Each structure stands twice: as structure tokens, then as C-alpha cells.
Amino acid sequence: MAYASPESGGQLLKLDGADLPVSGVVERYPAGHQVPAHNHPYGHLIYATEGLLLVQASSGQWLVPPTTAVWLRPNVQHCLTATTAVSACGIFIREDLSVQLPERDCVLHVTPLVRELVAALAVQQAAAAQRRSRLLGELLLEELKALAPLPLHLPWPEDALMRQICEALVQEPARAVNADAIASQHALTTKTLHRRFLKSTGMNLGKWRQQMRLMASIQLLLQGMTITSVALESGYESHSAYTVAFKKNFGCPPSEFVLIAQGGTFGD
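Scoring rules and cut-offs
- Residues numbered from 1 in each chain as written.
- Predicted model: local features only at pLDDT ≥ 70, side-chain atom pairs only at ≥ 80, totals over all residues.
- Heavy atoms only, no water.
- Pairing = 2+ DSSP bridges.
- Helix = DSSP H or I, 4+ residues; strand = E, 2+ residues; numbered from the N terminus.
- Contact = heavy atoms within 4.5 Å.
- Axes fitted to C-alpha atoms, helices over the stretch in contact; angles between N-to-C directions.
- Core = buried A, V, L, I, M, F, W, Y, C linked by side-chain atoms within 4.5 Å.
- Buried < 20%, exposed > 50% of the residue type's maximum accessible area, 1.4 Å probe, protein only.
- Salt bridge = Lys/Arg side-chain N within 4 Å of Asp/Glu carboxyl O.
- Parallel < 35°, antiparallel > 145°, perpendicular 65-115°, else oblique.
- Nonpolar A, V, L, I, M, F, W, Y, C, P; charged D, E, K, R; others polar.
- Expected span 1.5 Å × (residues − 1).
- Polar contact = N/O pair within 3.5 Å; in protein donor to acceptor, adjacent residues only side chain to side chain.
- Phe/Tyr/Trp six-rings, centres within 6.5 Å; stacked < 30°, edge-to-face > 60°.

A. The sheet that holds strand 9 (residues 106-109), seen in detail. Read across the open sheet, the 6 strands follow the order 1-8-3-6-9-10; overall the sheet is antiparallel. Edge positions in the open sheet fall to strand 1 (22-29) and strand 10 (149-150), since each of these has one partner strand only. In this sheet, strand 6 (residues 68-72) lies alongside strand 3 (residues 43-50) in antiparallel orientation, the contact comprising 4 bridges. For Ile46, the partnering residue across the bridge sits in strand 6 and is Val70. Sheet strands in contact with helix 2 (residues 112-122) are strand 1, strand 3 and strand 8 (86-93), and its direction is about 90° off that of strand 1.

Structure, rendered in C-alpha cells:
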């Protein structure tokens, strides 16, 4: 995807289709591989066809299971972590065309048609096939404009202290600590903590923490853990409490989400 790859000796891959309005490449990463912070002068659609990819940008964090893709605006700094072995497609969209797509970085649902268009564009094309690539790119843009963002976003604070608090919570999703204890630990009043956290993330602390726990739980689900075990590891008291929260946030229960991630589509 035009960035460091374990298969390319750490060198930057050449984007052969850069002269096309929409072009793409395919990359594979082993579990645990990290791509350092970088950016592109293009709009960037990141789609993991297999595995689970964590995308971290200045505007937030997103998990990318095989049913979704992350949309990043041109020049947005981001890094990637393969939480499992990953096969991923990177689609690059010329800056003047990117204005047709979401104004904010976000996660989009990948429909069967979008999936096939991404796969076709990610295969390097010979010069003779550029007309086909242009047509595929135009159709992909039309399809992407029709997609609604999904709630797989975890806003990341710019406030250094709030960022420190978030990093600690991410390290221990199931840790039982309330806002009063967090505030006291950092010499803040609870009211000040809530005010600064909301200002820095756009979400209250409780909502942010629930979103973080649910996003972290997706990794465990796709690793094959039972739903009860995932619930407890993610800080929920029971299978049912976790399932209710998961369905409310993602639109389907965790069991259905796993089936979708293994090859189905939303609404099947």
C-alpha cells in the first residue's frame, strides 16, 4: 500500500497506478507487524480482505475487520498494526476526487460490489488496461458516496493528559476503575476530568470507554474465543450484558458479527 512491507525489505512500494484517478495495491502482513506513521497525498481507502487491522491516525483509531474499510482524507498521518495476519488492499483516490467522499475520516461498510471493485483495482494493471481501471475507479467512487459511516471509530484526544488516561484504559480494558479514581490519580476533580475529556474527544468518558472495550473485543472474537470469555475479558459482567451492548453499537449480536467477518455480509 505504498508503505513499508515485510516482504519488500522495509522499502517503500512503488504505486504504479499513481497516474490514474483511482488506483490500488495489495499487501500482506504477519500478526503483530507495524507500519510506522506516514501519509499520502491521496485519499486513502484501507480494506483488510483477511484478518484484523488497527488503523491509528491523528483523527482517531479504527479496527478494520473484513466487512469494513477505513477512509482517510489526503495527507492524514496514520500508522497500521496487524492484530492478526492480514491481507489488505489500499486504494488511492486523487485529491480533487476525494472531496466527493466523507469530510471526516471514518469506517465504511464494504458491500459485495465494493469488495470486488477494490480487489480489481488493487491488482496492478498493464498500461493497456488503464481505460478499464478508470471505469472501475469511477464506479467505486459512486458506490463509496452511497455508503454510511459505521460506529467503529474511537476518537483519540489531543490533550496530552487525556491521551495518557486513554492509553492506560486501552492497556487494561477490563480494569474496574471509575471516573473519581481516575481524576484523583491525576490530581483533577471529577468534573474537570469529564469536561476536559469531552472537549478533547467529543465523547464522554463512559461512552468512550464502552466503545474502546467493544472495539477491543472484536479482536478476541475473531481469534476464536467464546463470547462469554470475550465478555469477561472486555470488562462485562455477563454474556448477555456484552451482547446487548455489542448489538446496540454495531447493529448485530457478536455471534452474527463473527459469521459476517468470516465471509458473509451485513443484512444476510
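B. Spotlight on the nonpolar core. With 55 residues, the main nonpolar core has Leu53, Val55, Leu193, Trp208 and Tyr242 as its most contacted residues. When residues in this core are grouped by element, the largest group, 8 residues, is from helix 7 (residues 205-222). Trp71, Cys89, Leu101 and Leu141 belong to the second largest nonpolar core, which has 24 residues in total.

C. Structural context of the pattern of salt bridges. Taken as a whole and judged by the stated rule, the model has 5 salt bridges. For Asp105, the salt bridge is made with Arg73, and the minimal N-O distance between the two is 2.9 Å. Placement of the pair is Asp105 in the loop between helix 1 (95-98) and strand 9 and Arg73 in the loop between strand 6 and strand 7 (78-82), with a sequence separation of 32 residues. By relative accessible area, which is 8% here, Asp105 ends up buried. The shortest N-O distance in the salt bridge between Asp159 and Arg196 comes to 3.0 Å. Of this pair, Asp159 sits in the loop between strand 11 (153-154) and helix 4 (160-171) while Arg196 sits in helix 6 (residues 190-201), placing them 37 residues apart in sequence. Overall, Asp159 belongs to the partly exposed group, its relative accessible area being 22%.

D. A look at the packing of helix 7 against helix 9 (residues 239-250). The N-to-C vectors of helix 7 and helix 9 enclose an angle of 100°; their axes lie 11 Å apart at closest approach. Of the possible angle classes, the one that applies to helix 7 and helix 9 is roughly perpendicular. On the side of helix 7, the interface is formed by Lys207, Gln210, Gln211, Leu214, Met215, Ser217, Ile218 and Leu221, while helix 9 contributes Tyr242, Ala245, Phe246, Asn249 and Phe250. A per-class count over the contact of helix 7 with helix 9 returns 8 nonpolar, 4 polar and 1 charged.

E. Structural detail: the pairing of strand 5 (residues 60-64). Of all 5 residues making up strand 5, 5 are buried, and the element is well covered by its neighbours. A two-sided burial pattern is seen for strand 5, the buried positions comprising Gly60, Trp62 and Val64 on one face and Gln61 and Leu63 on the other. One ladder, built from 5 bridges, connects strand 4 (residues 53-57) with strand 5; its direction is antiparallel. Residue Gln56 lies in a different strand from strand 5, and its bridge partner there is Gln61. Where strand 4 hands over to strand 5, the hairpin turn is made up of 2 residues, counted between the paired strands. In the sheet, strand 5 pairs with strand 11 via 2 bridges, with the strands oriented antiparallel. Along strand 11, the bridge assignment pairs Trp62 with His153.

F. Helix 7, seen in detail. For helix 7, built from 18 residues, the straight-helix expectation of 26 Å at 1.5 Å per residue is met to within 8% by its first-to-last C-alpha distance of 26 Å. Taken as a whole, helix 7 has its buried residues at Leu205, Trp208, Arg209, Gln211, Met212, Arg213, Leu214, Met215, Ser217, Ile218, Leu220 and Leu221. Of the residues flanking the start of helix 7, the one acting as N-cap is Asn204, its side-chain oxygen 3.2 Å from the backbone nitrogen of Gly206.

G. View of the packing of aromatic side chains. The final tally for this structure, using the stated rule, is 4 aromatic pairs. Following the ring pairs from residue to residue traces out a cluster consisting of Tyr236, Tyr242 and Phe246.

All we've got here are geometric facts, nothing functional implied.
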